[in-house]
Amino acid sequence: MLFKVANVSQLGTFDEIIDVRSPSEFAEDHIPGAINCPVLTDAERRHVGTLYKQVSPFEARKVGAALVARNIAHHLETRFADRPKSWRPLVYCWRGGQRSGATALVMAQVGWPVHQLEGGYKSYRREVLEQLGALPGRFHYRVICGPTGSGKSRFLHALAEAGHQVIDLEGLACHRGSVLGRLPDAPQPTQKMFDSLLLTRLRALDPARPVFVESESKKIGFITLPDALFEAMHSSDCLLVEVPLAERVRFLQEDYAFYLHDPDALVRQLGFLKTVHSREQLAAWESLARQGQFGTLVEELLVQHYDPLYHRSMSRHYPRLAHSPKVALSSLAPAVLRTAAEALPS
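On a predicted model such as this, the values are computed, not experimentally measured, just so you know.

Cut-off values and rules
- Residues numbered from 1 in each chain as written.
- Predicted model: local features only at pLDDT ≥ 70, side-chain atom pairs only at ≥ 80, totals over all residues.
- Heavy atoms only, no water.
- Core = buried A, V, L, I, M, F, W, Y, C linked by side-chain atoms within 4.5 Å.
- Buried < 20%, exposed > 50% of the residue type's maximum accessible area, 1.4 Å probe, protein only.
- Contact = heavy atoms within 4.5 Å.
- Helix = DSSP H or I, 4+ residues; strand = E, 2+ residues; numbered from the N terminus.
- Pairing = 2+ DSSP bridges.
- Right-handed = clockwise from strand over helix to strand, strands pointing away.
- Axes fitted to C-alpha atoms, helices over the stretch in contact; angles between N-to-C directions.
- Parallel < 35°, antiparallel > 145°, perpendicular 65-115°, else oblique.
- Left-handed = near helix turned anticlockwise from the far one by under 90°.
- Nonpolar A, V, L, I, M, F, W, Y, C, P; charged D, E, K, R; others polar.
- Polar contact = N/O pair within 3.5 Å; in protein donor to acceptor, adjacent residues only side chain to side chain.

### Quick word on the nonpolar core
Core analysis: the biggest nonpolar cluster contains 44 residues, and Tyr141, Ile167, Leu169, Leu198 and Leu202 have the highest contact counts within it. Ignoring anything within four residues of it in the chain, the contact list for leucine 198 reads Leu132, Ile167, Leu169, Leu172, Pro226 and Leu229. Of all hydrophobic cores here, the second largest spans 37 residues; its members include Leu159, Leu239, Leu297 and Leu337.

### Digging into the pairing of strand β2 (residues 16-19)
Side chains Glu16 and Ile18 project from β2 onto one buried face, and the interleaved Ile17 and Asp19 project onto a second face that is buried too. In this structure, β2 lies alongside strand β4 (residues 89-92), joined through 4 bridges in parallel fashion. Looking at the pairing, glutamate 16 lines up with proline 89 of β4. Alignment of β2 against strand β3 (residues 35-36), held across 2 bridges, turns out to be parallel. Paired with aspartate 19 across the two strands is asparagine 36, which belongs to β3. Each parallel crossover has a hand, and for β2 linked through helix α1 (residues 23-28) to β3 it is right-handed.

### Concerning the sheet that holds β3
The strand order across the open sheet built from 5 strands is β1-β5-β4-β2-β3, with neighbouring strands paired in parallel fashion. Each end of this open sheet is capped by a strand with a single partner; those strands are β1 (4-6) and β3. Pairing of β4 with strand β5 (residues 115-117), which is carried by 2 bridges, proceeds in the parallel orientation. For leucine 90, the partnering residue across the bridge sits in β5 and is histidine 115. Contacting β2, β4 and β5, helix α4 (residues 98-110) crosses the sheet at an angle of about 155° to β4.

### Section: the packing of helix α3 (residues 57-77) against α4
Orientation of α3 relative to α4, taken along the N-to-C sense of each, is 50°, at an axis distance of 11 Å. When the axis of α3 is compared with that of α4, the two are oblique. Judged by the sense of rotation from one axis to the other, the crossing of α3 with α4 is right-handed. Packed against α3, whose contacting residues are Val68, Ile72 and Leu76, the element α4 presents Ala102, Thr103 and Val106 at the interface. Split by residue class, the contact of α3 with α4 holds 5 nonpolar, 1 polar and no charged.

### Examining the sheet that holds strand β11 (residues 237-242)
Here 5 strands make up an open sheet; going across it, the order is β7-β8-β6-β11-β12 and the pairing parallel. Here the strands that pair on one side only, and so sit at the sheet edges, are β7 (165-167) and β12 (326-328). Strand-to-strand twist in this sheet, taken as the mean axis angle between neighbours without regard to direction, amounts to 25°. Relative to β11, strand β6 (residues 141-145) runs parallel, the two sharing 4 bridges.

### Considerations on the packing of helix α2 (residues 42-54) against α3
Contact pair α2 / α3: the axes reach a minimum separation of 7 Å and the direction vectors enclose 160°. As judged from the angle between their axes, α2 and α3 are roughly antiparallel. As α2 packs across α3, the resulting crossing turns out to be left-handed. Here Glu44, His47, Val48, Leu51 and Tyr52 of α2 come into contact with α3, specifically with Pro57, Glu59, Ala60, Val63, Gly64, Leu67 and Asn71. Looking at the contact of α2 with α3, its residues break down into 7 nonpolar, 3 polar and 2 charged.

### Concerning unusual backbone geometry
Of all residues except glycine, most have a negative phi; of all peptide bonds, most are trans. The backbone of cysteine 174 shows a phi angle near 55°, a positive value even though the residue is not glycine. With respect to the element layout, cysteine 174 can be found in the loop between α7 (169-173) and α8 (191-203).

### Focus: the pairing of β11
Bridge count for β11 against β12 is 3 bridges, and the pairing is parallel. Residue pairing across strands places glutamate 242 opposite alanine 328, the latter belonging to β12.

### Some thoughts on the environment of aspartate 255
Summarising the element assignment, aspartate 255 is placed in helix α10 (residues 245-255). Distance in space between the C-alpha atoms of aspartate 255 and glycine 151 is 9.4 Å, their sequence separation being 104 residues. In this view, aspartate 255 contacts Arg154 and Arg176; residues no more than four positions away in its chain are not counted. Of note is the side chain of aspartate 255, whose polar atom sits 3.3 Å from the side chain of arginine 154.

Okay, here's the thing in structure tokens:
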């Protein structure tokens, strides 16, 4: 064999990691930092698959080989044209088969010290799941708690800026964690991509120092947290953020301004509460939204929905919360958050 094989533990030893799967496979998940240089586009892959099933494996391989050769040539002439002879790439496909093998063979013929990832993406994904089952338990967490509108995410960012270790789960999931938490211009990653991003973050942390994380439900939008992390959070020390109701109402109108500009979208999201509130109540909230009475609407949602839900959930899942230290914030202004974050030991 003209090229060598590497395993998942060696990922950090290469100059570049090249994912030769189709764009849709790459979009679903990929090794962090990898670049996508597909040897078959999505349409080409479907075409070859159809030939394999409807005509013959031989005909599919013949057509596929021509397409792969053409695409590899394109990458050599463009993406890799300026790579020096000493460049050490790692190439992978779905399971370390023909697509990455063909690419690695051509690269080796050029003269680059190329490696193929043994087992391909499947071996990487297996490693991710194994690590997410073990790594979260190595850290000591401090869970930031507080009812909706307490600015927990902003406080988490202030902690990061003050030099504390944090995991921003909502940032990784591109969702704010409630029925109104969907971000308008930022779709959530796939579950597999979230897992990859989370593992990358965990690997960057120091187990000797505490890790601040926001209290979350098992699901953040469509994303599910790993069992090991979820369980570790529930058994960890808490930090309760207290903010006046009026400031929470003000903050939420600022943080969810996109809903204020699109009452129809707000009403649609409120519709998801139909299993826990009466039609009359939802109609009253819809009326407030359409009349632009957002302050009243937000306060009623907090008092009648979010706060009772929060207290039930916290008392059930975070047994240490009742005896946790409190951080009283007069406002959620950046200077106030910064002062509070800098006062905590790291």
